[in-house]
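An overview of the molecular structure
Each chain, letter by letter, is given below.
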Amino acid sequence: MRYVKHYGTWGYILHRLTGLALTGYILIHIYLISGLHNKPAFQSEMQFFEHPVLKLLEWALFAVIIFHALNGLRIFMVDYFSGARYHKVLMSAVWVFSIILFLAMGIVMFI
Amino acid sequence: MSYKYRGASNSGANGWFFQRITGIVLFVLVLAHFYIAHRTFQSGHDWDTIIARLASPYMKMFYLSFVTLGVWHGLNGLWSVIRDYNISSGYRKSIFAVIFSVGIFIGLLGFITILNLPAAH
């Protein structure tokens with residue numbers, strides 16, 4: 001599939017990619033949490049998530065979620081609040097707030 | 001929803017509409033989920049803490065909603081992406097059946113996990 005690159009096109013592409021990633025994530029997440037019925041197995045599973053690389057992946061997960069959430073809000077505004085009239089401002093706002101919240105979460109998680 | 005959007009029953013208009021409604025609700029729920037899991041006095045990821053946290057009926061209600069809406073929104077999104085690629089109708093039905101089954105399976109697994117938690121020990 002070919003795309004014409006307008007200002008919002010990366011928003012469209014990334015919304016799909018982050019959405020697909022999050023769908024995969026929620027299915028795996030629910031499956032892993034269902035392991036609560038077995039305490040020792042669950043505890044050794046959780047040990048694995050203490051690894052620093054997994055911490056970084058958790059931060060990346062936050063980036064994916066916050067972008068998808070803010071961009072989803074933008075889509076809602078385009079659909080129901082005449083967002084098409086100011087869509088470049090909205091798209092820029094999604095990027096700015098995503099990056100600020102991503103960095104802020106980095107401070108919360110690692111400092 | 002008004003009559004004019006109905007069109008063909010498989011037009012995707014209902015999926016489109018509910019994708020937006022669930023999306024707005026999930027915006028709030030996912031932020032609450034971060035807060036619950038990471039920032040309250042009951043936060044934590046070890047077995048005992050999770051069991052204690054999920055003992056509350058409010059938590060159970062919260063997570064039953066979250067599982068339902070999250071799984072539906074994710075799989076409906078996946079389905080709408082797949083529909084954009086003009087797959088022949090035979091394959092479409094099979095793909096839908098697979099997505100639907102995964103949704104039922106994971107949804108039930110989530111419900112059973114929340115409603116059938118072991119007692120703290």
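I will try to describe carefully the structure that is included in this document. Owing to the predicted nature of the structure, the values given are computational and were not obtained by experimental measurement. Each chain carries its own residue numbering, running from 1 in the direction its sequence is written. Written order decides the labels, with chains lettered from A and ligands numbered from 1. With the structure being a predicted model, the display of local features is reserved for residues of pLDDT at least 70 and the display and counting of side-chain atom pairs for 80 or more, all residues being used for whole-chain, interface and lining totals.

Considering the overall build of chain A
What counts as a helix is a DSSP run of H or I of at least four residues, what counts as a strand is a run of E of at least two, and both are numbered from the N terminus. When helices and strands are counted, chain A shows four helices and zero strands. Listed by position from the N terminus, the elements making up chain A come as α-α-α-α. Its C-alpha radius of gyration of 18 Å places chain A more than 25% over the 13 Å reference for a compact globule of 111 residues. In terms of principal-axis extent, the alpha carbons of chain A reach across some 55 × 35 × 30 Å. Counting other C-beta atoms within 10 Å of a residue's C-beta gives its exposure: the residue is buried at 20 or more, exposed at 12 or fewer, and partly exposed in between, where C-beta atoms are placed from the backbone. For chain A, with 111 residues in total, the buried portion stands at 18%. Considering only contacts within chain A whose residues lie at least 6 apart along the sequence, 66% involve residues at least 24 apart. Note that the radius of gyration is over C-alpha atoms, with the globule rule given as 2.2 Å times the number of residues to the power 0.38. A pair of residues counts as a contact when their C-beta atoms, built from backbone coordinates, are separated by no more than 7 Å.

What to know about helix α1 (residues 9–33) of chain A
The span one expects for a helix is its residue count, reduced by one, times 1.5 Å. Helix length check: α1 of chain A (25 residues) gives 36 Å between terminal C-alpha atoms against 36 Å at 1.5 Å per residue, within 8%. Within the span of α1 of chain A, buried status applies to Gly 11, His 15, Thr 18, Gly 19, Leu 22, Thr 23, Leu 27 and Ile 30 of chain A.

Quick word on the packing of helix α1 (residues 13–38) of chain B against helix α3 (residues 57–83) of chain B
All names here are of chain B. Structural elements are reduced to axes, namely lines fitted to C-alpha atoms, with helices fitted over the stretch in contact, and the angle between N-to-C directions of any two is expressed from 0 to 180 degrees. Between α1 and α3, the least distance of the axes is 9 Å, while the angle of their chain directions is 135°. When the interaxial angle is binned, α1 and α3 end up oblique. As for how α1 packs across α3, the hand of that crossing is left-handed. Taking contact as the criterion, the partners of Gly 15, Gln 19, Thr 22, Gly 23, Val 25, Leu 26, Leu 29 and His 33 in α1 are, on α3, Ser 65, Phe 66, Leu 69, Gly 70, Trp 72, His 73, Asn 76, Gly 77 and Ser 80. To sort the angles, those under 35 degrees are grouped as roughly parallel, those over 145 as roughly antiparallel, those from 65 to 115 as roughly perpendicular, and the leftovers as oblique. Here is the rule for handedness: rotate from the far helix to the near one, and if that takes an anticlockwise turn smaller than a right angle the crossing is left-handed, while a clockwise turn gives right-handed.

Digging into the interface of chain A and chain B
Tallying the contact residues gives 23 residues for chain A and 24 residues for chain B. For the side of chain A that touches chain B, the secondary structure elements donating two or more residues are α1, α2 (39–48) and α3 (52–80) of chain A. Side-chain classes follow a simple rule in which Ala, Val, Leu, Ile, Met, Phe, Trp, Tyr, Cys and Pro form the nonpolar group, Asp, Glu, Lys and Arg form the charged group, and the remainder, Gly included, forms the polar group. Per-class residue counts for the side of chain A that touches chain B are 14 nonpolar, six polar and three charged.

Looking at the nonpolar core
Each nonpolar core consists of buried Ala, Val, Leu, Ile, Met, Phe, Trp, Tyr and Cys residues. Their C-beta atoms, within 7 Å, join them into a set. Membership of the largest hydrophobic core is limited to nine residues, which are Leu 27 and Ile 30 of chain A together with Tyr 63, Phe 66, Val 67, Val 71, Leu 75, Ile 106 and Ile 114 of chain B. Listing elements by their share of this core, those giving two or more residues are α1 of chain A together with α3 and α4 (89–115) of chain B. With five residues, the top contributor of residues to this core is α3 of chain B. Formed by five residues, the second largest nonpolar core is a distinct cluster that contains Ile 65, Ile 66, Phe 67 and Ala 69 of chain A.

Some words on the environment of Phe 27 of chain B
Tracing the backbone through its elements, the reader meets Phe 27 of chain B in helix α1. Setting aside anything within four residues of it in sequence, one finds Phe 27 of chain B in contact with Ala 69, Gly 72 and Leu 73 of chain A.

Remarks on α3 of chain A
Between the first and last C-alpha of α3 of chain A there are 42 Å, a value that for 29 residues agrees with the 42 Å anticipated at 1.5 Å per step. Where the residues of α3 of chain A are buried, they touch α1 and α4 (87–110) of chain A together with α1 of chain B. Positive backbone phi, approximately 50°, marks Ser 82 of chain A, located one or two places after α3 of chain A.

Re the environment of Lys 55 of chain A
Inspection of the secondary structure assignment puts Lys 55 of chain A in helix α3. The spacing of Lys 55 of chain A and Met 109 of chain A is 54 residues in sequence and 8.5 Å in space, taken between C-alpha atoms.

Focus: the packing of α1 of chain A against α3 of chain B
Put simply, α1 of chain A and α3 of chain B touch, their axes get as near as 9 Å, and they point 135° apart. On the basis of their axis angle, the class for α1 of chain A and α3 of chain B is oblique. Crossing handedness for the pair α1 of chain A and α3 of chain B: left-handed. Here Arg 16, Gly 19, Leu 20, Leu 22, Thr 23, Ile 26 and Ile 30 of chain A of α1 of chain A lie close against α3 of chain B, whose contacting residues are Val 67, Gly 70, Val 71, Gly 74, Leu 75, Gly 77, Leu 78 and Val 81 of chain B. Across the contact of α1 of chain A with α3 of chain B, the residue classes tally to nine nonpolar, five polar and one charged.

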